[in-house]
Amino acid sequence: RSLVKDNPDLLPVEEFGLTGPLMVVGRETSLLSGAVDLICVNPEGDLLVIEFKTGRQNSDFRHVLAQLLHYGSDLWEMSYEGFELTVASRYFNSSSCRDDRVIGKTSLEQGLRATWPDMSEENLAFFKDRLTRQLEQGSFNYVLVASNFSETVNRTVSYLNAQGSVSRFFAVELIPFFGADDMTAFESRTIVKPLQRSRQSATNSINEGRLLEQVDDDQYRESLRQLFEFCRGL
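Because the structure is predicted, anything quoted here is derived from the model rather than measured.

Here the focus is the pairing of strand 3 (residues 47–52). Within strand 3, six of the six residues are buried, which leaves it mostly tucked inside the rest of the structure. Side chains of strand 3 alternate between two faces, with Leu-47, Val-49 and Glu-51 and Leu-48, Ile-50 and Phe-52 buried alike. One ladder, built from four bridges, connects strand 2 (residues 34–41) with strand 3; its direction is antiparallel. Paired with Val-41 across the strands is Leu-47, a residue of strand 3. Counted between consecutive antiparallel strands, the loop separating strand 2 from strand 3 contains five residues, among which Gly-45 sits at a positive phi close to 90°. Bridging between strand 3 and strand 4 (residues 141–146) involves five bridges; their strand directions are parallel. Each residue of the ladder has a partner; that of Glu-51, found in strand 4, is Leu-144.

See the structure below:
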């Protein structure tokens, strides 16, 4: 657990469909329902709630999954400022903070600028908007990390992803390898992740052309077309 907490990039975020690297904004963060093992964000404002399984029984897996949802309910509907105060700033000024770049920072923006100096004002605004919406909706990325997963647990996590939740659930195995002279290496493997596009979302989707065809007002339709072109340019 300490290895991943000190090196969050061991998590295969590219397999999650997310942009890295990760920045830790919470470690053993105290919420109403308990202490979250790890809370991270990426440069685009995606929020990851990470918990480590320590026991060997399926009952422990069920406990950890329940804990993840409890933590999510604590973060749900929290304001950006509330998250900054309750999670990020508290971590930056705690003894558990291991990142010299953010130690002592008093705001999330300061931590972002110290971690990713090349972030533009537009990137910062996008980050804040995206994180704010995730907090409002409770649409988090839940990551369960263990040394191995049983088929029962795999199916349970897959079931949660299949229900069309705004959140996404990932199961990651951290595999140790041991060599001569006490050499140790680790490989992280994503065992379970959401389908890229669920059947429900595909059924309810509409493409740009079909949307424009349904607009009767010529001026409004042209304004929408220009808006879409502008967004593609961004």
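This part is about the confidence of the model for the protein chain. The predicted model of the protein chain has a mean per-residue pLDDT of 89, with 94% of residues at 70 or higher. Segment residues 198–203 is flagged for pLDDT under 50; beyond a separation of four residues in sequence, or across chains, it makes two contacts in the model.

Here the focus is the packing of helix 3 (residues 80–92) against helix 5 (residues 121–137). Direction vectors running N to C along helix 3 and helix 5 enclose 90°, while the axes themselves pass 9 Å from each other. Considered as vectors, helix 3 and helix 5 are oriented roughly perpendicular to each other. For the pair helix 3 and helix 5, contact is made by Tyr-80, Glu-81 and Phe-83 and by Phe-127, Lys-128, Leu-131, Thr-132 and Leu-135, respectively. Among the residues forming the contact of helix 3 with helix 5, the class breakdown is five nonpolar, one polar and two charged.

A few words on the sheet that holds strand 4. Strand pairing within a sheet occurs via backbone hydrogen bonds; the two strands may be parallel or antiparallel. Taken in spatial order, the six strands make up an open sheet running 1-2-3-4-5-6, and their pairing is mixed. Both outer strands of the open sheet, strand 1 (23–31) and strand 6 (184–192), are each paired with one neighbouring strand and no more. For this sheet, the mean inter-axis angle between neighbouring strands, taken without regard to orientation, is 30°. Packed on one face of the sheet, helix 3 meets strand 1, strand 2 and strand 3 and runs near 110° to strand 1.

A contiguous nonpolar patch, built from Leu-227, Phe-230 and Leu-234 and spanning about 370 Å² of accessible area, is present on the exposed surface. With respect to the secondary-structure elements, Leu-227 resides in helix 9 (residues 218–233).

Criteria and thresholds
- Residues numbered from 1 in each chain as written.
- Predicted model: local features only at pLDDT ≥ 70, side-chain atom pairs only at ≥ 80, totals over all residues.
- Heavy atoms only, no water.
- Buried < 20%, exposed > 50% of the residue type's maximum accessible area, 1.4 Å probe, protein only.
- Helix = DSSP H or I, 4+ residues; strand = E, 2+ residues; numbered from the N terminus.
- Pairing = 2+ DSSP bridges.
- pLDDT = per-residue confidence, 0-100.
- Contact = heavy atoms within 4.5 Å.
- Axes fitted to C-alpha atoms, helices over the stretch in contact; angles between N-to-C directions.
- Parallel < 35°, antiparallel > 145°, perpendicular 65-115°, else oblique.
- Nonpolar A, V, L, I, M, F, W, Y, C, P; charged D, E, K, R; others polar.
- Patch = residues over 30% accessible without salt bridge, like charges linked within 9 Å, V, L, I, M, F, W, Y side chains within 5 Å.
- Areas by Shrake-Rupley, 256 points an atom, 1.4 Å probe, with all protein chains shown as cover.
- Salt bridge = Lys/Arg side-chain N within 4 Å of Asp/Glu carboxyl O.

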